[in-house]
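Structural features, examined
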Amino acid sequence: MGELCSQRGSAQRQGHMAKKVAVIGAGVSGLVSLKCCVDEGLEPTCFERTEDIGGLWRFKENVEDGRASIYRSVITNTSKEMSCFSDFPMPEDFPNFLHNSKLLEYFRIFAKKFDLLKYIQFQVFISTRKGSWVLSRISEDGYPWDSVFHTRFSSMLRNVLPRAIVKWMLEQQMNRWFNHENYGLQPENKYLLKEPVLNDDLPSRILYGAVKVKPRVTGLTETAAIFEDETVEEDIDVIVFATGYTFAFPFLEESLVKVEDGRVSLYKHMFPPQLEKATLACMGLIQPLGSIFPTVELQARWATRVFKGTRTPMSSPHIWKSKPQNVRDMGTSPLRRRQASTFHCYCSYMDIQ
């Protein structure tokens, strides 16, 4: 996730005043935002609180306070063909699904190719609760799941068919690999498209007993866990709290991007609707059911063109506020997000940019 904000600069380009843009963070959102700023003739400066690029995708053995981190063995859930930036394909020798170190390598190649590092100022600061859909990375005929799931035809069907039929189709598609109810994994609200788990090994590990599915934890002792069904597992060695992330914008005034009850309202998941002029955009604060990287690229294209003045998000802030259906709740607190948030249709959201 990254933020962009703009102001008038003194430099002249093609007879127009160039705008200076501040980009907060040098993760994937920040890097692609930098490139789009340069493409649009803007003057960006990126402020990165750590000593390197990559953001969440840069694994560190010792996690820094206040910095999100992946674990060492993380592999992408979206294929390289569906995740690369539009004008910069991933190397042919990269596998379809990337280990985090390979993805970080791609970001480094991208930054070097477009000479983005010179714009960055680095700073150095010394059990399943409600079930989940589980998908395999391998889909029909051996193709990556996202290249099969995200097609114009399937997106059109999900948009035009009655909701009851779409729900039924979704359940059939999610249970095509295995019946989630038989494995104790069916989501509590099976029609709410929460973030699926992409794991090729989980069903087989459940079958041969390496993984045991349990209901929610209701209590802990010094060495045991007590579950909702009143069963107890003794001699527990390690407990991992996979509770997700919290959203915060400590570098902004609260009135600009206000997080309430774990939610923040943004027009098209980017622009604070209360601002008189669109000079601030939040990049990557969205959860598409698909790769975030091309999604953020299109967000960055739109935001930089708004800053440049060649595109406008709406004609006036009053219109923003008069269309609440376009000001959607985005980013929820970790537990609420897992329970209640929905994902946006990948193709439909990409088309509005």
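Before any of the text, the structure's been laid out above.
Throughout what follows, the structure given in this document is the object of discussion.

What counts and what doesn't
Residues numbered from 1 in each chain as written. Predicted model: local features only at pLDDT ≥ 70, side-chain atom pairs only at ≥ 80, totals over all residues. Heavy atoms only, no water. Helix = DSSP H or I, 4+ residues; strand = E, 2+ residues; numbered from the N terminus. Buried < 20%, exposed > 50% of the residue type's maximum accessible area, 1.4 Å probe, protein only. Areas by Shrake-Rupley, 256 points an atom, 1.4 Å probe, with all protein chains shown as cover. Pairing = 2+ DSSP bridges. Phe/Tyr/Trp six-rings, centres within 6.5 Å; stacked < 30°, edge-to-face > 60°. Core = buried A, V, L, I, M, F, W, Y, C linked by side-chain atoms within 4.5 Å. Contact = heavy atoms within 4.5 Å.

Attention now goes to the overall build of the protein. Helix and strand counts for the protein stand at 11 helices and 12 strands. The 353 residues of the protein split such that 44% are buried. About 19,600 Å² of surface is accessible on the protein, with carbon and sulfur atoms providing 52% of the total.

To continue, consider the pairing of strand E7 (residues 217–220). When E7 meets strand E8 (residues 225–227), the two strands line up antiparallel, connected through three bridges. Residue pairing across strands places Leu-220 opposite Ala-225, the latter belonging to E8. Taking the residues that link successive antiparallel strands as the turn, the E7-E8 hairpin has four residues.

Once that is clear, we can look at the packing of aromatic side chains. Taken as a whole, this structure holds 15 aromatic pairs when the rule is applied. Consider the rings of Phe-88 and Phe-110, whose centres lie 5.8 Å apart with planes at 65°: the pair is edge-to-face. Pair noted here: Phe-88 is in the loop between helix H2 (80–83) and helix H3 (100–113) and Phe-110 is in helix H3, with a separation of 22 residues, a long-range link. Residues Phe-88 and Phe-110 agree in their burial class; the two are buried. Ring plane angle 85° and centroid distance 5.3 Å describe the contact between Phe-271 and Trp-302, whose orientation is recorded as edge-to-face. You can see Phe-271 sitting in the loop between strand E10 (264–267) and strand E11 (280–283) and its partner Trp-302 sitting in helix H8 (residues 292–308), a full 31 residues away along the chain. For the pair formed by Phe-271 and Trp-302, the shared burial category is buried.

Core analysis: the biggest nonpolar cluster contains 43 residues, and Leu-31, Phe-85, Leu-103, Tyr-106, Phe-107 and Phe-271 have the highest contact counts within it. Looking at this core, the elements with two or more residues in it are strand E2 (16–24), helix H1 (28–39), H3, E11 and H8. The leading source of residues in this core is H8, at seven residues.

Note on placement: Phe-149 falls in helix H4 (residues 145–149). Other than its neighbours up to four places away in sequence, Phe-149 contacts Ser-154, Arg-158, Gln-173 and Leu-289.

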